[in-house]
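# Survey of secondary and tertiary structure
The residues making up each chain are set out below.
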Amino acid sequence: LRRSHFPASFIFGTSTSSFQIEGAYLDDQKSLSNWDVFSHIPGRIEDASNADIADDHYHLYLEDVKLMASLGVNAYRFSISWSRVLPRGRNGGINSLGIAFYNKLIDALLLKGIQPFITLNHYDIPQELEEQYGGWLNSQIQEDFGYFANTCFKEFGDRVKYWITFNEPNIVAANGYMAGTYPPNRCSHPFSNCSSGDSSIEPYIVAHNIILAHATAVDLYRLKYQQGGSVGIVVATDWFEPLRNVTADYEACQRASAFYFSWFLDPFVHGDYPPEMRQILGARLPKFSASEKEKLRNKLDFIGINHYTSLCVKDCMLSACDVVDLGLDAFVATTVMPDFYVVPRGMKNIVMYMKRRYNNMPMIITENGYPQGSYRNTTLKELLNDKERVEYLQSYLSSLHEAMRQGADVRGYFIWSLLDNFEWLYGYSLRFGIYHVDYETQVRTPKLSANWYRKFLGHSKLLIKK
Ligand code: GCO
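The paragraphs below set out a description of the structure included in this document.

Conventions we followed
- Residues numbered from 1 in each chain as written.
- Predicted model: local features only at pLDDT ≥ 70, side-chain atom pairs only at ≥ 80, totals over all residues.
- Near = placed C-beta within 6 Å.
- Nonpolar A, V, L, I, M, F, W, Y, C, P; charged D, E, K, R; others polar.
- Core = buried A, V, L, I, M, F, W, Y, C linked by C-beta atoms within 7 Å.
- Buried ≥ 20, exposed ≤ 12 C-beta atoms within 10 Å, placed from the backbone.
- Helix = DSSP H or I, 4+ residues; strand = E, 2+ residues; numbered from the N terminus.
- Expected span 1.5 Å × (residues − 1).
- Contact = placed C-beta atoms within 7 Å.
- Pairing = 2+ DSSP bridges.
- Axes fitted to C-alpha atoms, helices over the stretch in contact; angles between N-to-C directions.
- Left-handed = near helix turned anticlockwise from the far one by under 90°.

## Focus: the site of the ligand
In the region of the ligand, the neighbouring residues are Ser17, Gln20, Asn167, Glu168, Ile171, Asn306, Glu367, Trp416, Glu423 and Phe432. Of the residues in the shell around the ligand, the class split is three nonpolar, four polar and three charged.

Below you can see the structure in the form of structure tokens.
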């Protein structure tokens, strides 16, 4: 497979997020985010680390832009730290120092011919919003998010043409309010490590607010500005395969997809939550009023797909959130990350599913990547020689290409991630970068995969190790 098999205008990039790479967690008047606070609670992060410094990208961004330029990518997806731009939310004024940082980053990218793709919200929100009124549980956040989005459109929109409102809101709702593992750690299992919460309704309230907040932001973008760009949302996807070749398992896959990601897409295309969810959840699922349905209509310019793995599903005929019974041993454990299996055909399958269900709306693969871990005592040499990652990326790209040959309207592909970084609950113990980061010295070193991507994209100069 070659670069030339994809359209010339195809977007090839790398992805990151603010919390995972920026560090500088208190610099230049930034306030604490919910993830800053959470990661400092003992016992929450696997390796007892935090993202106070992370990749120090806040100070090293110029070097990181150079890395991207040397790869030959034409796009970069990154997120804006809400607490850097609006440390006190809507009431405290715009932090010009935060704005200046993103302006410098955007200008440096454009100078190298790299299109900025901005994610407005990639998990982290100002802690103050959580404390003031309960964050995503409160409909007030719709307006706060609108204010934040509007600030970004106003400050950056003259140069930025691709916007993503939310990254993986399905994970925010599920991990924050169902499993209770991400902030604000709400759930109703007495045995787990979460504070109070009601998993039978809260995830759905949170989702409702996020979906309406997306529509609010898109309305602002389209009605207030004529910036000529597009706005999408990014969902986390797994491809679900039936464990047995029986109808019950096929239906279980349908339910799994509905509850996992169609939850956040159906409302914008079909005007309501997936039928499977409405049927199973009944009154637990909030309803869209007639005017809200109107507001949601046609509010996506593209669908962002984060795709890494596939899972097997077995029907278990239980309650709503238990419909996904994962036959985990059905795929051979292939990576260091739990539930992460290498199943290239999943890429084509998920894209074809989206094509069918959403009338072939433009799609962008906003994340695809491969973890390395220090569970296995990995040496620097092994980490740099990441042939498994190269094989993974090649095989998933081929699978994506097959979907495109079958008519799927895919516009771009981003590798997660440019750099090793703070991998949420795993801290620094999992490494997704195509550049290795030494967290003591902040030295970035290209892995085999960086050289592969660069060759694939058509740059010929070799990246020399420092
Ligand atoms: C996301 C993802 C990323 C992860 C990546 C690897 O929210 O988009 O969680 O931030 O780092 O998916 O797990």
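## Details of the nonpolar core
In this structure, Ile118, Trp263, Val351, Met363 and Leu400 are the most contacted members of the largest nonpolar core, which totals 130 residues. The element that contributes the greatest number of residues to this core is helix α9 (residues 202-224), accounting for twelve residues.

## Thoughts on helix α14 (residues 345-357)
With 13 residues, α14 should cover 18 Å at 1.5 Å per step; its first-to-last C-alpha distance of 18 Å lies within 8% of that length. When α14 is considered as a whole, its buried residues turn out to be Gly346, Met347, Lys348, Ile350, Val351 and Met354. Structurally, α14 contributes buried residues whose contacts are with β5 (230-242), β6 (302-314), β8 (363-367), α16 (387-405) and β10 (410-416). Phi for Asn359, located one or two positions after α14, is positive at around 50°.

## Things to note about the pairing of strand β4 (residues 162-167)
Counted residue by residue, β4 has six buried out of six residues, so it is predominantly covered. By the bridge criterion, four bridges tie strand β3 (residues 115-121) to β4 in an arrangement that is parallel. Bridge assignment links Asn121 to a residue of β4, and that residue is Phe166. Sheet topology note: the β4/β5 ladder contains four bridges and is parallel. Residue pairing across strands places Tyr162 opposite Ser230, the latter belonging to β5.

## Comments concerning the packing of α14 against α16
It is at 7 Å that the axes of α14 and α16 come closest, and there the two elements cross at 30°. The interaxial crossing formed by α14 with α16 has right-handed handedness. Residues Arg345, Met347, Lys348, Val351 and Met352 of α14 form the contact with α16, whose own contacting residues are Tyr396, Ser399, Leu400, Glu402 and Ala403. Split by residue class, the contact of α14 with α16 holds six nonpolar, one polar and three charged.

## Some remarks on the pairing of β8
The element β8 is largely enclosed, with a buried count of five among its five residues. Across four bridges, the pairing between β6 and β8 is parallel. Bridged to Asn306 within β8 is Glu367. As paired elements, β8 and β10 share three bridges and run parallel to each other. Considered in β10, the bridge of Met363 is made with Val410.

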